[in-house]
Amino acid sequence: MILRMMKRAAMALAISSALAQPAMAADDTIKVGLILIDSGPFASNYGIGDAARLAVDMFNEAGGALGKKFELSIQTHAGTPAGALAATTRAVQQDGASFITGMLLSPMVLAINPRLASLNALLIDSNTQLDSLIGKNCNPNYFRVSAGEGMLLNVFRSYLKNSDAKSWNTLALDLTAGHEFAKGFSASVEQNGGSVGLNLFTPLGTADFGTQISQLANKPADGLAVMIVGNDVITLAKQQQQFGLFKGYKTVLSNGFTNDIVLKAQGESVLGVTGTTGYFNTLDTPRNAAFVKAFEARHQRKPNPMEADMYVGLEMLQAAIGKAQSAEVGAVRSALEGLKTETIYGDVEMRAQDHQLLRQVLMAQVVKADDGSLTFAVRENFAGADITPAVNPECKR
C-alpha cells in the first residue's frame, strides 16, 4: 500500500513539473504568440490578426525560415494588462511560442516585459509609443517596430517651426502615453515661441466628450493637438462636429486620432486634420507592392498602418532567424540587435542599444479626392535616422 502511494505521489509530481514547464514547439515549426483583444474599445484589433496570418502564409510559401514553418498561437483577452500577461503566458507555456506580438498597449507591455526572461520569449512590439519602454523600462527581450513618442514629437516639432499657429490646446488619452504626449508637445510649442492654454485628458472608452468640447470651445486657441485612440476617435469626431469645434481652429493635429483605419467612419468631420502616420499603401518599394497585392486579394481592401507595422515586425523576426541561423531565443535576440534588413518600408535598422526600429514617419492631411471621397495627402516624409532621439542613458539592459 505504501509503495503504491509513493508511486502515485511520484507520478503526480512528475505531471505537475511537466505542466509547469513551457511547451516545446515542434522541431519543424517556429511558434509566434499573437495576442489579440476580444472585448472593449480595442476588440476590433484593426485587422492586426489579418496582417499576421498573411505574413505567416507568405513566409511559409517562400520556405519559412531555415526550412521551418511559422505557426501562430492566437490568444485573446479582455484588454487589461493582467489579461495580456495571461494570454502571453498561455502562448508560451501551452503552445510553445518563443516570440510574442499583437495588439498591445503600453500598460500591457509594462506587465509582460518583466516576465519575458523567465518565459524565455522575445516580444516584438508593433503598436506602442511610450518611450520609457526603450528608456528606463527597456528590456533585453523587448524590441519595438512602431514609431515612439520621441520620433513623433520630432515630426510635430518640425511642423511647428513653420506653423502660424502660436497658441495651442491639447486633448489626450488619460494614460501615461497621453500625458507624455501632452507634456512633450507643450514643450515643443514653447520652444517655438508659442503657448499652451489647456491640456485636457479623457479616459479610454469615453462615450460623451461634451465636457471637453465645452472647455475647449471656451478657451480658444490657434491650434488643437489630439491624441485619442480606439473607438473613441469616431465618437469624438462626430460629437465635435455638432458644435463646430474643429472649425474654430486654424490647425488640428492628430497623433493617432485620425488615420485610414477609421477615416470612413469619421467622415468629413475630420476634413483638413493633419497628423502623423507610419505608412501608406502607396509606399513605393518592391516588397510593399507584393504585400499590398496579396493583402488586397485576400481581404478586398488595402492594408492600414497598424497592419503594416505588424507585418514589418514579423519581417524583422524572419530576417533575424536567417541571420542567426537559429530559432533559439538567445540567438535571435543577438541577431535582432543592430539588424539591418529590407522590409516593406525599405531598408531599416533595429538600433542595438535600445531596440528601437529606425523607420520612416509621414505627415499627412485629410483631403477630398477627385471622386469626392476622403483620403490622405502626404505632406512630408521623415527618415527614421533624422527623427529618432538619441539613446536614453536610462536604458540599462
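Reference entry: report on the structure contained in this document.

So, how was this worked out
- Residues numbered from 1 in each chain as written.
- Predicted model: local features only at pLDDT ≥ 70, side-chain atom pairs only at ≥ 80, totals over all residues.
- Heavy atoms only, no water.
- Pairing = 2+ DSSP bridges.
- Helix = DSSP H or I, 4+ residues; strand = E, 2+ residues; numbered from the N terminus.
- Buried < 20%, exposed > 50% of the residue type's maximum accessible area, 1.4 Å probe, protein only.
- Polar contact = N/O pair within 3.5 Å; in protein donor to acceptor, adjacent residues only side chain to side chain.
- Axes fitted to C-alpha atoms, helices over the stretch in contact; angles between N-to-C directions.
- Parallel < 35°, antiparallel > 145°, perpendicular 65-115°, else oblique.
- Left-handed = near helix turned anticlockwise from the far one by under 90°.
- Contact = heavy atoms within 4.5 Å.
- Nonpolar A, V, L, I, M, F, W, Y, C, P; charged D, E, K, R; others polar.
- Salt bridge = Lys/Arg side-chain N within 4 Å of Asp/Glu carboxyl O.
- Phe/Tyr/Trp six-rings, centres within 6.5 Å; stacked < 30°, edge-to-face > 60°.
- Expected span 1.5 Å × (residues − 1).
- Disulfide = S-S within 2.5 Å.

### What to know about the sheet that holds strand β13 (residues 357-358)
Ordered by their spatial adjacency, three strands build an open sheet running β11-β12-β13, and the pairing between neighbours is antiparallel. With one partner strand each, in any of the chains shown, β11 (340-343) and β13 form the two edges of the open sheet. Where strand β12 (residues 346-350) meets β13, two bridges bridge the pair, whose relative direction is antiparallel. Within the sheet, the bridge partner assigned to E349 lies in β13 and is L358.

### Quick look at helix α13 (residues 329-336)
Listed in full, the buried residues belonging to α13 are V329, G330, V332, A335 and L336. Where α13 starts, the residue carrying a side-chain oxygen 3.0 Å from the main-chain nitrogen of G330 turns out to be E328. A positive backbone phi angle near 80° is found at G338, which sits one or two residues after α13.

### Notes on the packing of helix α11 (residues 286-299) against helix α12 (residues 305-324)
Running from amino to carboxyl end, α11 crosses α12 at an angle of 120°, the nearest separation of the two axes being 12 Å. The pairing of α11 with α12 is recorded here as oblique in orientation. Classified by chirality, the crossing of α12 by α11 is right-handed. For the pair formed by α11 and α12, the contact residues are R287, F291 and F295 on the first element and E307, A308, Y311 and E315 on the second. A per-class count over the contact of α11 with α12 returns four nonpolar, no polar and three charged.

### Re the pairing of strand β4 (residues 122-125)
Here β4 shows two buried faces, one formed by L122 and I124 and the other by L123 and D125. Pairing geometry for β4 and strand β5 (residues 142-144), over three bridges, is parallel. In the strand pairing of β5, I124 is matched with F143.

### Concerning the pattern of salt bridges
Two side chains of opposite charge can pair, provided their charged atoms sit close to one another. Summed over all chains, the structure comprises twelve salt bridges. E315 is the salt-bridge partner of R287, the closest N and O atoms lying 2.9 Å from each other. Residue R287 is located in helix α11, and its partner E315 is located in helix α12; the two are separated by 28 residues in the primary sequence. Exposure remark for E315: the relative accessible area of 3% places this residue in the buried category. In this structure, the salt-bridge partner of D309 is R359, at a minimum N-O distance of 3.2 Å. With D309 in helix α12 and R359 in the loop between β13 and β14 (361-368), this residue pair connects regions lying 50 residues apart in the sequence. Like R359, D309 is buried. Bridged by salt links that share partners, the residues D50, R53, R301 and E307 form one connected network.

### Focus on the sheet that holds strand β2 (residues 69-77)
One open sheet holds the five strands; their spatial order is β2-β1-β3-β4-β5, and the pairing between them is parallel. With one partner strand each, in any of the chains shown, β2 and β5 form the two edges of the open sheet. Strand-to-strand twist of the sheet, defined as the mean angle between neighbouring strand axes without regard to direction, takes the value 25°.

### Things to note about the packing of aromatic side chains
Using the criterion set out here, one finds eleven aromatic pairs in the structure. Between W168 and F185, the ring centres sit 5.3 Å apart and the planes meet at 75°, which makes this aromatic pair edge-to-face. Highlighted residues: W168 in strand β6 (residues 167-173) and F185 in helix α7 (residues 176-191), separated in sequence by 17 residues. Accessibility classification places W168 together with F185 in one group, the buried group. Where F291 meets Y311, the ring centres are 4.3 Å apart and the plane angle is 35°; that geometry is what we call tilted. Taken together, the positions of F291 in helix α11 and Y311 in helix α12 put the pair 20 residues apart, joining distant regions of the chain. The class for F291 is buried, based on a relative accessible area of 0%. Its relative accessible area of 4% is what places Y311 among the buried residues.

### Structural notes on the packing of α12 against α13
Look at α12 against α13: their axes get within 8 Å of each other, and the N-to-C directions meet at 105°. Taken together, the axis directions place α12 and α13 in an arrangement best described as roughly perpendicular. Contact residues: α12 offers M316, L317, A320, I321, K323 and A324, while α13 offers A331, V332, A335 and L336. Of the residues belonging to the contact of α12 with α13, the class tally is nine nonpolar, no polar and one charged.

### Describing helix α6 (residues 149-161)
Over its 13 residues, α6 runs 18 Å from end to end, which matches the ideal 18 Å to within 8%, given 1.5 Å per residue. If you check which residues of α6 are buried, you get E149, G150, M151, L152, L153, V155, F156 and L160.

### Details of the state of the cysteines
In total, this model carries one disulfide according to the counting rule given. Between the sulfur atoms of C138 and its disulfide mate C395 the distance is 2.2 Å. Since a negative S-S torsion denotes a left-handed disulfide, the C138-C395 link at about 105° is right-handed. Taken together, the residues C138 in the loop between β4 and β5 and C395 in the segment after α14 (384-387) connect sequence positions 257 residues apart. Of the two residues, C138 and C395, neither departs from the other in class, the shared state being buried.

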